[in-house]
Amino acid sequence: MPASTDKTSAGHFFEDFRIGQTIRHATPRTITAGDVAIYNGLFGARFAVQSADSFAQSIGYPRAPVDDLLVFHVVFGKTVPDISLNAVANLGYADCRFLKAVYPGDTLSATSEVIGLKENSSRKTGVVYVRSRGFNQHGDCVLDYVRWVMVRKRDESATAPGDAVPELPKQVAPSALGAACPTVKNATYDNVLAGSPHRFGDYKAGEKIDHVDGVTVEEAEHQIATRLYQNTARVHFNLFAMRDDRFGKRLIYGGHVISLARALSFNGLGNAFHVAAINGGRHVAPLFAGGTVFAWSEVLETAEIPERKDVGALRLRTIATKDKPCNEFPRKQGDDYDPAVILELDYWAVMPR
Amino acid sequence: MPASTDKTSAGHFFEDFRIGQTIRHATPRTITAGDVAIYNGLFGARFAVQSADSFAQSIGYPRAPVDDLLVFHVVFGKTVPDISLNAVANLGYADCRFLKAVYPGDTLSATSEVIGLKENSSRKTGVVYVRSRGFNQHGDCVLDYVRWVMVRKRDESATAPGDAVPELPKQVAPSALGAACPTVKNATYDNVLAGSPHRFGDYKAGEKIDHVDGVTVEEAEHQIATRLYQNTARVHFNLFAMRDDRFGKRLIYGGHVISLARALSFNGLGNAFHVAAINGGRHVAPLFAGGTVFAWSEVLETAEIPERKDVGALRLRTIATKDKPCNEFPRKQGDDYDPAVILELDYWAVMPR
Amino acid sequence: MPASTDKTSAGHFFEDFRIGQTIRHATPRTITAGDVAIYNGLFGARFAVQSADSFAQSIGYPRAPVDDLLVFHVVFGKTVPDISLNAVANLGYADCRFLKAVYPGDTLSATSEVIGLKENSSRKTGVVYVRSRGFNQHGDCVLDYVRWVMVRKRDESATAPGDAVPELPKQVAPSALGAACPTVKNATYDNVLAGSPHRFGDYKAGEKIDHVDGVTVEEAEHQIATRLYQNTARVHFNLFAMRDDRFGKRLIYGGHVISLARALSFNGLGNAFHVAAINGGRHVAPLFAGGTVFAWSEVLETAEIPERKDVGALRLRTIATKDKPCNEFPRKQGDDYDPAVILELDYWAVMPR
C-alpha cells in the first residue's frame, strides 16, 4: 500500500528558486463583507472611510473600501505556501504600494517574481527576494511589494541557485502615492464624523504621537485572523509542534501586530485613512498570546503628492511594543532596540488637506 | 522634537460637559451581514425573525432585521470615546426605545445630548446624564435612550459644570412601543419554525421562566464583540493595565451579558422576537472570562399596544447570574443582590398575539 | 407566583419518539457571506471553488458555493434541540448526500423523520435513528442523511416506543453522487490556482496521504463555530456544568473535527473540491481545547460517476488524531483504535478528471 507524500506540498526550499522565476499562487479569494467584519472584530479599526459606506461616498469613493492591510494580509497569505513555508525568518519589506482600492466582492489572486537570491555563509539557508503582486478579478494590480525572507535549504550540499541582491528603494517616492485613493472631496470630509480635527497641514516632521491605548491578543484571535488570510505558516497554529521549538509556544503572525498598531494609531492619526505605501518594516521581536500591544508614531516627513490638492502624505514610523506603554516613545537602547519593541514600520499614510 | 499629545483624545472629564450640549460622535458604521454573523457566532441567538430572511418576509418584514441589541451596542460604542472614556461606572439606562428596524447595509451614526450633571460630594467625580440617539443613513432615528455614568474629573478643584438631574420615566409606556416592528401577519407566523408554541396570550404577570442553559465566556469572544462595536473602553482590552486594577483582569463589557441573557432567553421566550424598549438596567456585578452565564426572567406585566392587534408586549425582568443555575430564580438575599447576580434588565419584548 | 418550566424545552427523551414521526425543526437560517467568512477564519479552508467567485464561475458554478460541511453543520444544528438534547452519544452517520449547492443568501430549514428505535438493555437509554433533511428557501432538498444517537429516557420504567433498526447502506453508490456539482468545465479548471496538479486519474485505491499540518483548537473557536450553527448541545458551552462531568471540561463538537480534518486535507487533496456524500463516520474519542489536530487519508476506492465525464469520485477514509502527527498513518492498535485517533470519516469527494 503506497504512501503518497508526493501529493502533499512541502513548500519550496532555497535551492528550488531561480532568479526571474514567476510563481502564480494558489487559491484566489473573494473578499466579502464577512471578512471585513471579522477584521473589524479582531482589530477594532475606526477609520470612517473603511467603516461606513455613507462616509466613503461623501468623499468620493463608490462605497467603503476594504482596509488596506486586510488586502496586504490576504495577498501575503497566498505567497506563504510557495515562498516562506520553509522560512526561518521574514526579514523585510520594501517598495510596497497600494495601487487600487479593493471592495467587498472583489476577488484577489497573487503572483511572485524571484528578484534576488543570496546563500548564507552557513550554506544551510539563503535569502530569497520576491516581488509579489496582488490582482483583482479584472486583472488590475492592487498591491505590489518586495519582501525578503531567509529560507532553509533542503540539502546543504545543493548548489546555490544564484547570487544577486536587488537594489531596493529606501522609500516609496511621493509621486508614486495615491493611486488607490480617489480625489477626495475635502469640503464634504466631516472631521467630527471622522473623529479627528487634524488634517495634513497640522502635522510636522519630528512630531511624536503616543497612541495611548493597549490591546491584549488571545490565541483564538490571531489564529482566526491568520487563517482568514489562508496563511499556512505552521508556527501560528500548531502548538504541538511549537512546544519543542525555541519559544515553546505559537508565534503570532507579524502582520497581526501591524494591524493592531494601525488600529491603535487612530488615536492621534484619525484622518490618516489610507495606507498608500510601506517603505519598510521590521518584526523586531515575536509576540505571543497574552501580550498587550501598545504603539506610537513619529512623523518622519510630510509630503505633497504631485497633482493632488486634495490629500497629502505623512511618512510615519510606527513602533509597536509589548507590555510597555509608549508615553516615553520607546525605540532604541544604545545600539539595540528596547526589548519591549516588537515592530518598526515605515509607511506613507494619506490624509485630507 | 515635540511630543504631540494634543492630537490624541483623552476623552471628556466631568467638568468638560455642559447641560444642553450636543455631541456628534465619530465613526459612522455600516452594519453588514458579516457583523450579523459574528454576533450569531458569539451569542447563538435563535429568534427566527433575525435568523432567516424567509421567515422575516413571511410575517411582514422586507428581510431579516439586525438584532436589536447589536444596534444598541454599535450606537453605545460610538458614545464611549466622548462620554465614558473616563467613566468609573456605568450607572443606568432609561427610556430606551427601538424606533426603526435596521437592516444589513444600513449605516449607523450617533449623537448624545447632555441632559443632566451632578457632581459627587467627593468632588472627584460627577454623574453625567445623556440622551443618546442612533440614526440610519437616511437620518431616521433608530434608537433613543438615556444613560447615566459616573465620570472622573480631570481636576478636583474645577468648578462643577452644572447641577441638574433629569426626571426619567420608570418605564416606557406601551403606547410608545412597536415603532420598529411592522404589522405582523399572525396567520403566517409559524410557531414550529419559530421554536415555541407560546404566544402573547399564554404569558401572565408574575410568571417566572428559568432559561436553563448556561454559556461560558472566553476572553477572545468578548474582545471580538466589543471591538466589533468600536467600543474603546480600555477595561475590556488591556490586560497590562488591568493587572494593576482592583480585579487584576479585564472586565467584560456589560452589554455582552445583556446579549448572552437575551440569547439564552429564547428557551422560554422563543416568540419574543423583538426588544421594543429597555426600561432600565443594572450591571450588578462584573463578569470575567471563564465565567458561565445563566439567566431567568419574570413577566412583570403584559400590555396591549394601542392600535396593534397583531402583537402584544411583555414587560420582562431578566436576571443573569454567573456560575449559578437559575432554577431557583436567584435575585436578592435580604436587601442585597444574591452574589451570583450580575445583571438585572427591565425591558419590553414584543410577541405575536 | 407560578414558575413556568412548561414554557422551556427540555428536549425529547427516548420514550417521546415514534417510528414514522416527522419533526419540523425550529429556526430557519439564512446563510450569508458573514457565515462563510467565520467558517474560513475558523478552519482556513483553501479549496478554490468555495474561496473565489471567479474560480467557481470559471468552471461552471454561478458563484462560489457554501462549503458543504458548513451546510451540514447548520442542518445538524437545527436537529439538536429536538433529537439530541438528551443524547449520551452521537453514534453514527449513514447515507449522507449533498443534493444541491447552497449559496450565500439561501435560507436553510430542516426536518427529521424517525426511522428506527431500539431501547438498550439497561432500559435507561435507547438508540434513535433519524433521517434528517435540509431544505433551501425554494423547498429543494440540499442535504439528506441518517444519524443515530443514544438518547436518555426520562423515566426508566416507560414503555419503549418501538423496536426497529433500519437497514442502512454501507456506502452511498457512485450513481447517487454529484447532484450538487454542476458540469465542470475541465478545460478552464486551473490547477495552479487550485493549488494542486493532481486530478482524479492520479489517485489510486490504497494510496495514503499524510496531510502534514496540525492545528490547535481554542475554546473560543469551537464555541463560536458551534453557536454559528445554532447547535445548542450544552456540553460544548457550559463549563460550569461540565466541571462535574466525566472529563471536567467542555467537549468540542465532533463536527468541528470533521471540518478541521477536511481543511487540513487540502494538502494532498487540493482538487477534491466537493464533499458529495458521507458514507459513515465515527467520533472515536473526544477533543478538548488545547489539542492539536492532525489528519491523514486513505483512498478506499476511485469511482466513475455514471454519465459524468467531467468529474470522478474518490472514496476517502480520513483519520484525525490529537497531538500526534500522521506521518505513520495511525489508526488501529490491535483491535482498538490508536489512542490518538479522534475521528474516522468515510466519504466521497468529487474531483475533476
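Up top you'll find the structure we're talking about.
Residues numbered from 1 in each chain as written. Chains lettered and ligands numbered in written order. Predicted model: local features only at pLDDT ≥ 70, side-chain atom pairs only at ≥ 80, totals over all residues. Heavy atoms only, no water.

Undergrad: Please clarify how the relation of the copies chain A and chain B should be interpreted in this entry.
TA: Taken together, a rotation about one axis and a shift along it account for how the two chain copies relate. Of the transformation superimposing chain A on chain B, the axial component is 0.0 Å and the angular component is 120°, with the fit at an RMSD of 0.0 Å. Expressed as an axis order, the relation between the two copies is that of a three-fold axis. Taking C-alpha positions as the reference, the residue of chain A nearest the rotation axis is G34 of chain A, at 2.2 Å. By residue overlap, the copies meet through two different surfaces: only 8% of the interface positions of chain A are interface positions in chain B. (Least-squares fit on C-alpha atoms with pLDDT ≥ 70 in both. Contact = heavy atoms within 4.5 Å.)

Undergrad: Teacher, can you tell me more about the pairing of strand β14 (residues 341–352) of chain A here?
TA: The side chains of a regular strand alternate between both faces of the sheet. All names here are of chain A. Counting buried positions along β14 gives 12 out of 12 residues, so the element sits mostly inside the fold. The pairing of strand β9 (residues 274–283) with β14 spans eight bridges and is classified as antiparallel. By the bridge assignment, G280 is partnered in β14 with D346. Relative to β14, strand β11 (residues 311–322) is paired through 11 bridges, and the arrangement is antiparallel. Looking at the pairing, R315 lines up with W348 of β14. (Buried < 20%, exposed > 50% of the residue type's maximum accessible area, 1.4 Å probe, protein only. Helix = DSSP H or I, 4+ residues; strand = E, 2+ residues; numbered from the N terminus. Pairing = 2+ DSSP bridges.)

Undergrad: Before we go on, may I ask you to explain the interface of chain A and chain C in this structure?
TA: By a frequent convention, interface size equals the accessible area lost on bringing the separate parts together. Residue-level contacts link 35 residues of chain A with 48 residues of chain C. The junction of chain A with chain C conceals about 3300 Å² of combined surface from both sides, 56% of it contributed by carbon and sulfur atoms. Measuring nitrogen to oxygen at the nearest pair gives 2.4 Å for the salt bridge that ties E207 of chain C to K7 of chain A. Put simply, the parts of the chain that give the side of chain A that touches chain C at least two residues each are β2 (29–30), α1 (33–43), α6 (219–228) and α7 (239–242) of chain A. (Buried area = accessible area lost by both parts, 1.4 Å probe. Salt bridge = Lys/Arg side-chain N within 4 Å of Asp/Glu carboxyl O.)

Undergrad: Explanation requested: the relation of the copies chain A and chain C in the structure shown.
TA: Rotating chain A by 120° and translating it 0.0 Å along the rotation axis places it on chain C, where the RMSD comes to 0.0 Å. Of the residues that chain A buries at the interface, just 11% are likewise interface residues in chain C, meaning the two copies contact each other through different surfaces.

Undergrad: Please explain helix α8 (residues 254–264) of chain C as it appears in this structure.
TA: Since one α-helical turn is 3.6 residues long, residues separated by three or four positions face the same way. With respect to burial, α8 of chain C is a largely interior element, 11 of its 11 residues being buried. Regarding α8 of chain C, the residues found buried are G254, G255, H256, V257, I258, S259, L260, A261, R262, A263 and L264 of chain C.

Undergrad: What is the right way to look at the packing of α1 of chain A against helix α1 (residues 33–43) of chain B in this model?
TA: How two helices pack is summed up by the angle between their axes together with the distance between the axes. Closest axis-to-axis distance for the α1 of chain A/α1 of chain B pair is 7 Å, and the angle between their directions is 55°. The angle between α1 of chain A and α1 of chain B falls in the class oblique. For the pair α1 of chain A and α1 of chain B, the crossing hand works out as right-handed. Contacts from A33, G34, A37 and I38 of chain A in α1 of chain A reach G34, D35 and I38 of chain B in α1 of chain B. (Axes fitted to C-alpha atoms, helices over the stretch in contact; angles between N-to-C directions. Parallel < 35°, antiparallel > 145°, perpendicular 65-115°, else oblique. Left-handed = near helix turned anticlockwise from the far one by under 90°.)

Undergrad: Whenever I open this one, the packing of α1 of chain B against helix α6 (residues 219–228) of chain C confuses me. Can you help?
TA: Contact geometry of α1 of chain B with α6 of chain C gives a least axis separation of 6 Å together with a crossing angle of 110°. Compared by their axis directions, α1 of chain B and α6 of chain C come out roughly perpendicular. Two secondary-structure elements touch here, α1 of chain B through A37, N40, G41, L42 and F43 of chain B and α6 of chain C through Q223, I224, R227 and L228 of chain C. Partitioned by chemical class, the residues of the contact of α1 of chain B with α6 of chain C number five nonpolar, three polar and one charged. (Nonpolar A, V, L, I, M, F, W, Y, C, P; charged D, E, K, R; others polar.)

Undergrad: Just to check I follow, could you spell out the pattern of salt bridges for this structure?
TA: Where charged atoms from two side chains of opposite charge come close, those side chains can pair. Scanning the model with the defined rule gives 69 salt bridges over all chains in all. One salt bridge connects D35 of chain C with R29 of chain C, and the closest N-O pair in it is separated by 2.8 Å. There is no split in this pair, since D35 of chain C and R29 of chain C are both buried. The closest approach of N and O atoms between R97 of chain C and D144 of chain C, which form a salt bridge, is 3.2 Å. One end of the pair, R97 of chain C, is in strand β3 (residues 87–98); the other, D144 of chain C, is in strand β6 (residues 141–152), with 47 residues separating them in the sequence. Linked through salt bridges whose partners overlap, the residues forming this network are D95, R97, R131, R133 and D144 of chain A.

Undergrad: Help me understand unusual backbone geometry in this model?
TA: What you tend to see is this: most non-glycine residues have negative phi, and most peptide bonds are trans. Unlike most non-glycine residues, F329 of chain B shows phi in positive territory, near 55°. Tracing the backbone shows F329 of chain B in the loop between β11 (311–322) and β12 (332–333). Phi is positive for D323 of chain C, close to 55°, though the residue is something other than glycine. With respect to the secondary-structure elements, D323 of chain C resides in the loop between β11 (311–322) and β12 (332–333).

Undergrad: I'm lost on the interface of chain A and chain B in this one. Help?
TA: Between chain A and chain B, the residue contacts involve 49 residues of the former and 35 residues of the latter. Across the interface of chain A and chain B, roughly 3300 Å² is buried in total on both sides, 56% from carbon and sulfur atoms. At the boundary of chain A and chain B, one finds four salt bridges. With a shortest N-O distance of 2.8 Å, R250 of chain B and E218 of chain A are connected by a salt bridge. Inspection of the chain A/chain B interface yields 20 residue pairs in polar contact (both at pLDDT 80 or more). No other element matches α1 of chain A, which puts eight residues into the side of chain A that touches chain B. Of the residues belonging to the side of chain A that touches chain B, the class tally is 22 nonpolar, 15 polar and 12 charged. (Polar contact = N/O pair within 3.5 Å; in protein donor to acceptor, adjacent residues only side chain to side chain.)

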